[in-house]
Amino acid sequence: MITPWEVEGIVDYRRLLEEFGITPFGEFLNSIPNPHRLMRRGVIFGHRDYWRIAEAMKKREEFAVMSGFMPSGAIHFGHKMTMDEIVWHQKNGAKAFVAIADMEAHLVRGLSYEKTKQIGMEYVKSIIALGLEEDALIYFQSKNDLVKDLAYELSAEVNLNEMRAIYGFTGDTPVSKAFVSLIQSADILQPQLKNFGGPKPVVVPVGADQDPHLRLTRDLASRINIFSFETIGNGLRVRSRKEEMLEKLKELGFEFKKFEGHVDIFGDPQEIEKSLRELEIDLGGFGFVPPSSTYHKFTTGLGGGKMSSSKPESYISLLDSPEIAVKKLRNALTGGRATAEEQKRLGGEPEKCVVFEFYAYHLIESDAELKKLEEDCRSGKMLCGSCKRYASELLAEFLKEHREKRDEAEGRIGEFNILY
Ligand code: TRP
Ligand code: SF4
């Protein structure tokens, strides 16, 4: 069972793809100029509508990246993954939005706003240290009126049965969970408000547990628009919440056929979509583009299972001292065998190894070097002791550097646009 609030059991990524219509990410590897290591290594395994983003990057059109972090506990390497993805998209032309989900941490986890502010600022320092540039918008949800007003507006577009179907809510689920879900939808749609230049493709990099929010948001986006549409073979089928508006579609100048309740427009779907959106904006609508998303695999906890800020023994924090971090890594679950003799004979199993995951997700940028390590592990040429020593060196080095960059970020925080 996967909802944004709990992930239980072993995650079958293939089933996620099939059941929810998430598309495998691999198809983009050849069309993106310098894919991120998490893309190259299949850690980002799925997406929705990423073609909108790939195309915007290629044509140098406006697009945005947005994701959010719940400031409820220590910032760890699972968060780093999302931060790296935001920074990568920003470097590739996206306007970046970073939400600190203090309303969620307050309402769902019961933290005081004082506490969420303190923890949230640690997240802010880390994402700046990881390379976020100044033209991003960083905001605490509770301080963002645009987001709160939009959430209020969106609440009219969804009923409790739908909430139940999407999130598994029951009769005694607190309404706050519905509330924070709508706030999150507003986070995701905010970059398309006219204050930020209007409709545009937006990519939301998240862990697969957040997909329910994206499904809801994509629905809400199309419902709150004046026009909603689906592709048909040779064009678009358009509906409208205000049926009289369908008349206006004649003005677009495409071939046009009116039916009871909808209109079919014939031509290049992307061109029609573009003029439809312009018309909607003229008519005072939102014209939201359905948000795109990418999904990365969960970060494995040090002892197996999911890494989670509610289980301190499961993670290494970005704020841990190198000494502590190295000690934790030394005790991590590996894919090694019971004895050295056996490992020399059979080789290790990197696919089951948390240390190898650290290499692949965070510590080693070069694909060639990673491949060499994998081979040396599999062949039994390298044993876990020396392998862990090498990983520890890289980890300690990263944490030391991160600490320095965080201090530097603290001094530069005034140059950033932060609502807090
Ligand atoms: N709910 C997310 C979490 O628990 C945090 C979040 C808030 C978020 N707003 C968002 C994620 C918008 C993606 C997009 O981690
Ligand atoms: Fe993991 Fe390294 Fe041991 Fe292989 S040798 S199982 S990668 S710790």
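Residues numbered from 1 in each chain as written. Chains lettered and ligands numbered in written order. Predicted model: local features only at pLDDT ≥ 70, side-chain atom pairs only at ≥ 80, totals over all residues. Heavy atoms only, no water.

## A look at helix H4 (residues 77-91)
Rules: Numbering of helices and strands runs from the N terminus; a helix is a DSSP stretch of H or I covering at least four residues, while a strand is a stretch of E covering at least two. In this scheme, a helix's expected span is set at 1.5 Å multiplied by one less than its residue total. Burial here depends on accessible area, computed with a 1.4 Å probe over protein chains only, as a share of the maximum for the residue type. Under 20% is buried, over 50% is exposed, and the range in between is partly exposed.
Look at H4: 21 Å from first C-alpha to last across 15 residues, which is about the 21 Å you get at 1.5 Å a residue. With respect to burial, H4 is a largely interior element, 14 of its 15 residues being buried. Just downstream of H4, Gly93 is the residue with a positive phi angle, here 110°.

## Some points on the pattern of salt bridges
For the record, the criterion: A pairing counts as a salt bridge when a side-chain nitrogen of Lys or Arg comes within 4 Å of a carboxyl oxygen of Asp or Glu.
Per the stated rule, a full pass over the model turns up 37 salt bridges. The partner of Arg215 in a salt bridge is Asp211, and the shortest N-O contact between them spans 2.8 Å. Of this pair, Arg215 and Asp211 both sit in helix H10 (residues 211-224), four residues apart, which is roughly one turn of the helix. Across the pair Arg378 and Glu374 runs a salt bridge, and its minimum N-O distance is 2.9 Å. One end of the pair is Arg378 and the other is Glu374, both in helix H15 (residues 367-378) and four residues apart, which spans about a single turn. Given a relative accessible area of 28%, Glu374 falls into the partly exposed group.

## Details of the domain arrangement of the chain
Operational definition: Per the annotation, domain bounds derive from an automatic or database assignment of domains. Here, residues are in contact when the closest pair of their heavy atoms is within 4.5 Å. Put simply, buried area is how much 1.4 Å-probe accessible surface two parts lose in total, over both of them, once they are put together. Identification of polar contacts relies on pairs of N or O atoms within 3.5 Å, with a donor-acceptor requirement for protein atoms, meaning one able to donate a hydrogen and the other able to accept it, and with residues adjacent in sequence counted only if both atoms are side-chain atoms.
Looking at the chain, the domain boundaries give domain 1 (13-223 + 290-296), domain 2 (227-282) and domain 3 (320-410). Each of domain 1 and domain 2 was reduced to a C-alpha centroid, and the two centroids are 29 Å apart. Contacts between domain 1 and domain 2 engage eight residues on the former and seven residues on the latter. Among the residues of domain 1 in contact with domain 2, Arg52, Pro199 and Ser222 are the three that bury the most area, contributing 51% of the side total. Salt-bridge contacts for Arg241 lead to Glu157; the nearest nitrogen and oxygen are separated by 3.3 Å. Seen at the junction of domain 1 and domain 2, the total is three residue pairs in polar contact (both at pLDDT 80 or more). Secondary structure elements with two or more residues in the side of domain 1 that touches domain 2: helix H3 (50-59) and H10.

## Considering empty space enclosed by the protein
The condition is simple: Cavities and pockets are found on a 1 Å grid laid over the protein atoms alone: a cavity is a set of points where a 1.4 Å probe fits but cannot escape, a pocket is an open set with protein on both sides within 12 Å along at least five of seven lines, and a lining residue has an atom within 4 Å of such a point. Grid points are joined across faces, edges and corners, and a volume is the space filled by probe spheres set on the points. Nonpolar residues are Ala, Val, Leu, Ile, Met, Phe, Trp, Tyr, Cys and Pro. Charged residues are Asp, Glu, Lys and Arg, and all others, Gly as well, are polar.
If you walk through the whole model with that rule in mind, you get three cavities of 30 Å³ or more. Looking at the largest cavity, its volume works out to about 110 Å³. Lining the largest cavity we find 17 residues, and of these Cys353, Cys377, Met382, Cys384 and Cys387 sit closest to its centre. Secondary-structure elements contributing two or more residues to the lining of the largest cavity are helix H14 (354-363), H15 and helix H16 (384-412). When its residues are assigned to classes, the lining of the largest cavity shows 11 nonpolar, four polar and two charged.

## Describing the environment of Val289
Structurally, the position occupied by Val289 is in the loop between helix H11 (269-282) and strand E13 (292-296). Excluding anything up to four places from it in sequence, Val289 contacts Arg52, Gln192, Pro199, Lys200, Pro201 and Arg277.

## Side note on the site of ligand 1
Operational definition: A cutoff of 4 Å decides nearness: a residue is near a molecule or strand if any of its heavy atoms lies inside that distance of it. Surface accessibility follows the Shrake-Rupley procedure with a 1.4 Å probe radius. Residue values consider only the protein chains on display as shielding.
Among the 14 residues in the neighbourhood of ligand 1, the closest are listed as Gly68, Glu104, Gln184, Asp187 and Gln210. The side chain of Glu104 places a nitrogen or oxygen atom 2.8 Å from a nitrogen atom of ligand 1. In isolation ligand 1 offers 370 Å² of accessible surface; the protein chains occlude 90% of this area.

## What about the pairing of strand E9 (residues 227-232)?
The following threshold applies: Here, a strand pair is defined by DSSP locating no fewer than two bridges between the strands.
Pairing of E9 with strand E10 (residues 235-240) involves six bridges; the strand directions are antiparallel. Bridging across to E10, Ser228 finds its partner in Arg239. Connecting the antiparallel pair E9 and E10 is a turn made up of two residues.

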